[in-house]
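# Architecture and fold: a report
As a plain string of letters, each chain reads:
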Amino acid sequence: MYEEPRDPFADDPDHAVAPFEPELDEDDRADLLEDLHELELFEKVLHPQGYRGVVVDCDDCDEPHYFTWGLLQANLRGLLEANCAQVHEPAFDPDPAHYVTWDYARGFSDCWIMTHGEDGA
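Small disclaimer: the values here were computed from a predicted structure and weren't measured. (Residues numbered from 1 in each chain as written. Predicted model: local features only at pLDDT ≥ 70, side-chain atom pairs only at ≥ 80, totals over all residues. Heavy atoms only, no water.)

On to the packing of aromatic side chains, then. Tallied over the full model, the rule gives four aromatic pairs. Ring geometry for Y66 and Y99: centres 5.0 Å apart, planes at 70°, overall edge-to-face. On the criterion of sequence distance, the pair formed by Y66 in strand β2 (residues 64–68) and Y99 in strand β3 (residues 99–100) is long-range, its members being 33 residues apart. Take Y66: its relative accessible area is 18%, and that puts it in the buried class. When its relative accessible area of 10% is taken as the criterion, Y99 is described as buried. Counting every residue linked through ring pairs, the aromatic cluster contains Y51, Y104 and F108. (Phe/Tyr/Trp six-rings, centres within 6.5 Å; stacked < 30°, edge-to-face > 60°. Helix = DSSP H or I, 4+ residues; strand = E, 2+ residues; numbered from the N terminus. Buried < 20%, exposed > 50% of the residue type's maximum accessible area, 1.4 Å probe, protein only.)

Now for helix α1 (residues 26–46). Taking 1.5 Å of rise per residue, the 21 residues of α1 would be expected to cover 30 Å, and the 30 Å separating its terminal C-alpha atoms lies within 8% of that figure. Here α1 has its buried residues at L32, L36, E38, L39, L41, F42, V45 and L46. On its buried face, α1 is in contact with β1 (53–57), α2 (69–82), β3 and α3 (102–116). If you check the start of α1, you find a side-chain oxygen 3.0 Å away from the backbone N of D27, and it comes from D25. (Expected span 1.5 Å × (residues − 1). Contact = heavy atoms within 4.5 Å. Polar contact = N/O pair within 3.5 Å; in protein donor to acceptor, adjacent residues only side chain to side chain.)

With 77% of its residues at a pLDDT of at least 70, the protein chain reaches an overall mean of 83. Highest mean pLDDT in the protein chain belongs to β3 (96); lowest belongs to α2 (88). (pLDDT = per-residue confidence, 0-100.)

To continue, consider the packing of α1 against α3. Viewed as axis vectors pointing N to C, α1 and α3 meet at an angle of 70°, and their least axial separation amounts to 9 Å. Relative to α3, the element α1 lies roughly perpendicular. Listed contacts from α3 to D35, E38, L39, L41, F42, K44, V45 and L46 of α1 are W102, Y104, A105, R106, F108, S109, W112 and I113. For the contact of α1 with α3, the residue count by class is eleven nonpolar, one polar and four charged. (Axes fitted to C-alpha atoms, helices over the stretch in contact; angles between N-to-C directions. Parallel < 35°, antiparallel > 145°, perpendicular 65-115°, else oblique. Nonpolar A, V, L, I, M, F, W, Y, C, P; charged D, E, K, R; others polar.)

Right, dumping it as structure tokens:
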């Protein structure tokens with residue numbers, strides 16, 4: 001079983017505790033399950049093309065964040081199971097050519113389904 005890494009600031013009395021995260025409602029859970037389903041499809045159709053994951057532009061730091069398929073899937077599952085995202089290390093020196101935006105992945109997957117069908121036949 002996977003265990004979360006220990007918070008490196010857990011013993012620091014000056015470290016602010018994260019605010020309480022509200023429980024997910026049914027709409028939030030449905031949205032996360034839909035995202036997880038889409039992400040699994042994205043990996044199925046884009047990984048063979050050489051893509052490793054999704055790039056997300058961060059509004060907080062104005063930097064792109066690169067998430068591998070597995071990392072993003074684990075984050076979504078963590079949100080569904082424990083109502084919090086897992087702690088993770090950022091991608092080390094990712095090649096931007098191996099990552100796509102969510103919108104690109106959705107468009108590519110939609111075309112792939114139109115061509116190959118839901119089951120990929």
